[in-house]
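What follows is each chain in one-letter form.
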Amino acid sequence: GAGVSQSPSNKVTEKGKDVELRCDPISGHTALYWYRQSLGQGLEFLIYFQGNSAPDKSGLPSDRFSAERTGGSVSTLTIQRTQQEDSAVYLCASSLVSGGDVYGYTFGSGTRLTVV
Amino acid sequence: DAKTTQPTSMDCAEGRAANLPCNHSTISGNEYVYWYRQIHSQGPQYIIHGLKNNETNEMASLIITEDRKSSTLILPHATLRDTAVYYCIVRVGEGGKLIFGQGTELSVKP
């Protein structure tokens, strides 16, 4: 597609339920990133996928958070047993990594998650 | 990745140049300087990036000091729509994630 697409745009869930957030990166982009942004805060890095390499999970806040990227394209971020502090906007970005440089690092519009 | 320091907020008069400073005194030789902005309720938008030379595109200019320890983003003729949070980020050249700081909240006033 023309841009990074995220779904759903808004999600309200009850505390303790699991949620899945989806990211469709720009076609041909080799790298995919997840961030979250709590209200009034900056962006917090969560996880990074690049090609067939093992993902960089250094930003995941707890073992309730996991992500996968199937076929080198679509990615799903899963939050298990959601807590109220998980409420935030979850942003996905993708880029083309080639020849040691990064091109077209583009963000989606995010999924606003509210845990009640 | 090197850390960056930016002022928390700045004001600019509409039509004037907005000069947003960023300090990155621990930057390494292969780390790029990136600038993004985030308008309320939207995803961050790429503005410009550079390694050591000054750069210009249709949105802005990026001035990097010779020692690369600081840079300035210049919006030559700020408009009300440029009101946003501006993030200065340094990143290692070979792929990798961008680590965002708190940014500068720029308010363009009529």
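This text goes with the structure placed above it.
Cut-off values and rules
- Position numbers for residues start from 1 in each chain and track the written sequence from start to end.
- Chains and ligands are labelled sequentially in the order written, the chains with letters from A and the ligands with numbers from 1.
- Two thresholds apply to this predicted model, a pLDDT of at least 70 for residue-level local features and 80 or more for giving and counting side-chain atom pairs, whereas whole-chain, interface and lining totals are computed over all residues.
- Hydrogens and water molecules were not included; the side-chain quantities draw on all heavy atoms of the structure.
- Per the convention used, a helix needs a DSSP run of H or I reaching at least four residues, while a strand needs a run of E reaching at least two, with both numbered from the N terminus.
- Within these notes, the globule rule equals 2.2 Å times the number of residues to the 0.38 power, and the radius of gyration is based on C-alpha atoms.
- Accessible area is worked out with a 1.4 Å probe on protein chains only. A residue is then buried under 20% of its type maximum, exposed over 50%, and partly exposed in between.
- What makes two residues a contact is simply this: any of their non-hydrogen atoms within 4.5 Å.
- Charge counting follows a simple rule: Lys and Arg are positive, Asp and Glu are negative, and His as well as the terminal groups are ignored.
- We put the charge of a Lys on NZ, of an Arg on CZ, of an Asp on CG and of a Glu on CD.
- In these notes, a set of buried Ala, Val, Leu, Ile, Met, Phe, Trp, Tyr and Cys residues joined through side-chain atoms within 4.5 Å is what counts as a nonpolar core.
- Buried area is calculated as the accessible area (1.4 Å probe) missing from two parts once they are joined, with the contributions of both summed.
- Salt bridge criterion: a side-chain nitrogen from Lys or Arg within 4 Å of a carboxyl oxygen from Asp or Glu.
- When residues are grouped by polarity, Ala, Val, Leu, Ile, Met, Phe, Trp, Tyr, Cys and Pro land in nonpolar, Asp, Glu, Lys and Arg in charged, and all others, Gly among them, in polar.

Attention now goes to the overall build of chain A. The number of helices and strands found in chain A is zero helices and 10 strands. Counted from the first residue to the last, chain A has its helices and strands arranged as β-β-β-β-β-β-β-β-β-β. Taken over C-alpha atoms, the radius of gyration comes to 14 Å for chain A, in line with the 13 Å a tight globule of 116 residues would show. By residue count, 47% of the 116 residues in chain A fall in the buried class. Taking the contacts inside chain A whose residues are at least 6 apart along the sequence as the reference set, 56% of them involve residues at least 24 apart. Here chain A contributes 10 positively and 11 negatively charged side chains, and the mean placements of these two sets differ by 4 Å.

Time to look at the nonpolar core. With 21 residues, the main nonpolar core has B:Trp35, B:Leu73, B:Tyr86 and B:Leu106 as its most contacted residues. In this structure B:Leu106 touches B:Met10, B:Asp11, B:Cys12, B:Ala18, B:Leu20, B:Leu75, B:Asp82, B:Thr83, B:Ala84 and B:Tyr86, once residues within four positions along its chain are discounted.

As a further point, take the environment of A:Val102. All names here are of chain A. Looking at where Val 102 falls in the secondary structure, it is placed in strand E9 (residues 101–107). The buried category is assigned to Val 102, whose relative accessible area is 3%. Sequence separation between Val 102 and Ala 31 is 71 residues; the distance between their C-alpha atoms is 9.0 Å.

Taken together, the contacts link 20 residues of chain A with 20 residues of chain B. Interface of chain A and chain B: buried area, both sides summed, is about 1500 Å²; carbon and sulfur atoms make up 51% of it. Counting every contact that joins chain A to chain B gives zero salt bridges. Class assignment of the residues belonging to the side of chain A that touches chain B gives a composition of 10 nonpolar, seven polar and three charged.

Turning our attention to the pattern of salt bridges. Residue and element names in this part refer to chain A. This structure, assessed with the given rule, holds four salt bridges over all chains. The shortest N-O distance in the salt bridge between Glu 44 and Arg 36 comes to 2.8 Å. With a relative accessible area of 31%, Glu 44 lands in the partly exposed category. We classify Arg 36 as buried; its relative accessible area is 11%.

It is worth stressing that arrangement in space is one thing and function is another; only the former is reported here.
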